[in-house]
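This is what each chain is made of:
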Amino acid sequence: MSEVLVLAHEDVKRLLPMDECIELMAEALGDLARGRSWQPLRFVVRPPEEQSLMGLMPAHRSSPEPAYGLKTVCIFPGNPARGLDAHQGGVMLFDGETGELRALIDASAVTSIRTAGVSAVATRALARPDSKVLAILGSGVQARAHLEAMARVLSFDQARVWSRTSEHAQAFAAEAEASFPVEAVDSAEAAVREADVVVTVTSAREPIVDRGWLAPGTHVNAVGSSIPTARELDSATIAAAALFVDRRESTVNESGEYLRAVEEEGIGPDHIRAELGEVLVGSAAGRDSDEELTVFVSLGLAVEDLAAAEYLYRRARSEGVGAVVPF
Ligand code: NDP
């Protein structure tokens, strides 16, 4: 009889510290660029008349040991009002030799940590190393994870946070654990102007960032939109930027940031300068000057969840963490 390891939210948070996750995500994106992992486009179940959706995100990795992963993530926008994470679900890890299910892991914890970890990798690779001012638009789960992640890769002097509901920005700033001051501001513009690094982590459908607010040399991580019908940046920003993405195929099919700029600014696939993994393995260049505006569009990839699941499985087994269930 085989066994399945079950890892709960708190297990994931304990076993996947941000510093380690950042290196893990750099490796996973490098592996994708080298062709060592593979994933189809995700499949989204969106029943008519429903506000919620279910996303199915499968991936395979051939080395160091073969493995399949599948994240099933349900997004319920009303959850934060219930005190729950909007992202719910599980990451399943399968043995790549036999197909046996090895682990079932809390997806909300994996998603929050790995997404911020990927943005940290992008920021380390693309932002100016002397960046001092961080702007975060949004104050939810991803905003918290990103504040932690950004501080791991650059030495910021201050952060400004804006959120649609100003009390949420104020509560975020008051509770923030950072080695620099975190200030709540009244508008997205006040957060973004003269920031060196901007992180957008909202569920906005229409732009909350205007091209005219971004100073030369800014790096933007656009994280909140993962679907064709939502975006956080205006098309002028996408058109003006050196555009980096997690994956080209996903971007041209799934990214509202990209697809709306195609409609409004006439950009095409050749506007995408590189996948982040290509920059990491040295097959594509990153930022080309201190004045360049760089944008990283993060859609979230199944290979990131698979890499996190493999790491968590190995570590939990060696440390005896989690529940082992006969299966
Ligand atoms: P939360 O529900 O925890 O937070 C949502 C945030 O978005 C809140 O700060 C909320 O502001 C803000 N917001 C909601 N609607 C609007 C709007 N119309 N205009 C401006 N702001 C708005 O979500 P998460 O932090 O978990 O996720 C944030 C976004 O990131 C989501 O869209 C999610 O799908 C996406 N995401 C992307 C991933 C990736 O890999 N790229 C992975 C995980 C999530 P307030 O509370 O102040 O009203």
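Computed from a predicted structure; not experimentally measured.

1. Considerations on the packing of helix 3 (residues 107-126) against helix 4 (residues 141-153)
Part 1: Orientation of helix 3 relative to helix 4, taken along the N-to-C sense of each, is 40 degrees, at an axis distance of 8 Å. In this view, helix 3 runs oblique relative to helix 4, as classed from their interaxial angle. Classified by chirality, the crossing of helix 4 by helix 3 is right-handed. From helix 3, Thr-111, Ser-112, Thr-115, Ala-116, Gly-117, Ser-119, Ala-120, Thr-123 and Arg-124 reach across to helix 4, where they touch Val-141, Gln-142, Ala-145, His-146, Ala-149, Met-150 and Val-153.

2. As for the sheet that holds strand 9 (residues 158-162)
Working definition: the strands of a sheet are paired by backbone hydrogen bonds and lie parallel or antiparallel to each other.
Part 1: As summarised here, the arrangement of the eight strands in space is 10-9-8-11-12-15-13-14, forming an open sheet in which the pairing is parallel. The open sheet has two free edges, formed respectively by strand 10 (182-184) and strand 14 (272-275), since each of these has just one partner strand. Sheet twist, expressed as the average angle between the axes of neighbouring strands with direction ignored, equals 20 degrees.
Part 2: In terms of strand pairing, strand 8 (residues 133-137) meets strand 9 through five bridges, oriented parallel. By the bridge assignment for strand 9, Ile-136 is matched with Val-161.
Part 3: Against the sheet, helix 3 engages strand 11 (197-200), strand 12 (219-222), strand 13 (242-245) and strand 15 (294-297), with an angle of about 160 degrees to strand 12.

3. Quick word on the site of the ligand
Part 1: Around the ligand there are 24 residues in total, and Gln-142, Ser-163, Thr-165, His-168 and Gly-224 lie nearest to it.
Part 2: Ser-163 has a polar side-chain atom sitting 2.5 Å from an oxygen atom of the ligand.
Part 3: A distance of 3.4 Å separates an oxygen atom of the ligand from a polar backbone atom of Gly-300.
Part 4: Each residue belonging to the shell around the ligand can be placed in one class, and the counts come to six nonpolar, 16 polar and two charged.
Part 5: Here the shell around the ligand spans two domains, since at least three of its residues come from each of domain 1 (3-111 + 303-326) and domain 2 (126-300).

4. Describing helix 2 (residues 18-33)
Part 1: End to end, helix 2 covers 22 Å across 16 residues, agreeing with the expected 22 Å (1.5 Å per residue, within 8%).
Part 2: Phi turns positive one or two residues past the end of helix 2, at Gly-35, with a value near 80 degrees.

5. Describing the pairing of strand 11
Part 1: Side-chain alternation along strand 11 places Val-197 and Val-199 on one buried face and Val-198 and Thr-200 on a second face that is also buried.
Part 2: Here four bridges tie strand 11 to strand 12, and the two strands are oriented parallel to one another. Pairing of Val-199 across the sheet is with Asn-221, part of strand 12.

6. Some details on the domain arrangement of the protein chain
Part 1: You can read the domains of the protein chain as domain 1 (3-111 + 303-326) and domain 2 (126-300).
Part 2: One C-alpha centre belongs to domain 1, the other to domain 2, and the line joining them spans 24 Å.
Part 3: Each partner contributes residues to the interface: domain 1 has 18 residues there, and domain 2 has 22 residues.
Part 4: Taking both partners together, domain 1 and domain 2 bury about 1,600 Å²; carbon and sulfur atoms supply 60% of that area.

7. Structural notes on the packing of helix 2 against helix 4
Part 1: Between helix 2 and helix 4, the shortest axis-to-axis distance is 10 Å and the interhelical angle comes to 75 degrees. Taken together, the axes of helix 2 and helix 4 are roughly perpendicular relative to one another. On helix 4, the residues that touch Met-18, Asp-19 and Ile-22 of helix 2 are Ala-145, Glu-148, Ala-149, Arg-152 and Val-153.
Part 2: Residues that form the contact of helix 2 with helix 4 fall into these classes: five nonpolar, no polar and three charged.

8. Observations concerning the pattern of salt bridges
Part 1: Per the stated rule, a full pass over the model turns up 28 salt bridges.
Part 2: Note that Arg-315 and Glu-319 form a salt bridge whose closest N and O atoms lie 2.9 Å from each other. Taken together, the residues Arg-315 and Glu-319, both in helix 11 (residues 302-319) and four residues apart, mark about one turn of the helix.
Part 3: For Glu-319, a relative accessible area of 43% corresponds to the partly exposed category.
Part 4: Among the charged side chains, a salt-bridge network with shared partners connects Glu-27, Asp-31, Arg-36, Arg-61 and Glu-310.

9. Looking at the environment of Val-133
Part 1: Tracing the sequence through the fold places Val-133 in strand 8.
Part 2: We classify Val-133 as buried; its relative accessible area is 10%.
Part 3: Spatially, the C-alpha atoms of Val-133 and Ala-191 are 9.5 Å apart, while their sequence positions differ by 58 residues.

10. A few points about helix 5 (residues 166-175)
In an α-helix, one turn spans 3.6 residues, which is why side chains three or four residues apart end up on the same side.
Part 1: Those residues of helix 5 lying buried are Ala-169, Phe-172 and Ala-173. All buried residues of helix 5 lie within an arc of 95 degrees about the axis, which places them on one face of the element. Turned more than 90 degrees away from the buried face of helix 5 sit Ala-174 and Glu-175, all of them exposed.
Part 2: Where helix 5 is buried, its residues touch strand 8, helix 4, strand 9 and strand 10.

11. Here we look at the environment of Met-92
Part 1: With respect to the element layout, Met-92 can be found in strand 6 (residues 87-95).
Part 2: The partly exposed category is assigned to Met-92, whose relative accessible area is 23%.
Part 3: It is 33 Å that separates the C-alpha atoms of Met-92 and Leu-154, two residues lying 62 residues apart in sequence.
Part 4: Aside from chain neighbours lying at most four places away, what touches Met-92 is Tyr-68, Gly-69, Leu-70, Leu-101, Ala-103 and Leu-104.

Procedures and definitions
- Residues numbered from 1 in each chain as written.
- Predicted model: local features only at pLDDT ≥ 70, side-chain atom pairs only at ≥ 80, totals over all residues.
- Heavy atoms only, no water.
- Axes fitted to C-alpha atoms, helices over the stretch in contact; angles between N-to-C directions.
- Helix = DSSP H or I, 4+ residues; strand = E, 2+ residues; numbered from the N terminus.
- Parallel < 35°, antiparallel > 145°, perpendicular 65-115°, else oblique.
- Left-handed = near helix turned anticlockwise from the far one by under 90°.
- Contact = heavy atoms within 4.5 Å.
- Pairing = 2+ DSSP bridges.
- Near = heavy atom within 4 Å.
- Polar contact = N/O pair within 3.5 Å; in protein donor to acceptor, adjacent residues only side chain to side chain.
- Nonpolar A, V, L, I, M, F, W, Y, C, P; charged D, E, K, R; others polar.
- Domains from an automatic or database assignment.
- Expected span 1.5 Å × (residues − 1).
- Buried < 20%, exposed > 50% of the residue type's maximum accessible area, 1.4 Å probe, protein only.
- Buried area = accessible area lost by both parts, 1.4 Å probe.
- Salt bridge = Lys/Arg side-chain N within 4 Å of Asp/Glu carboxyl O.
- Arc of directions from axis to C-beta.

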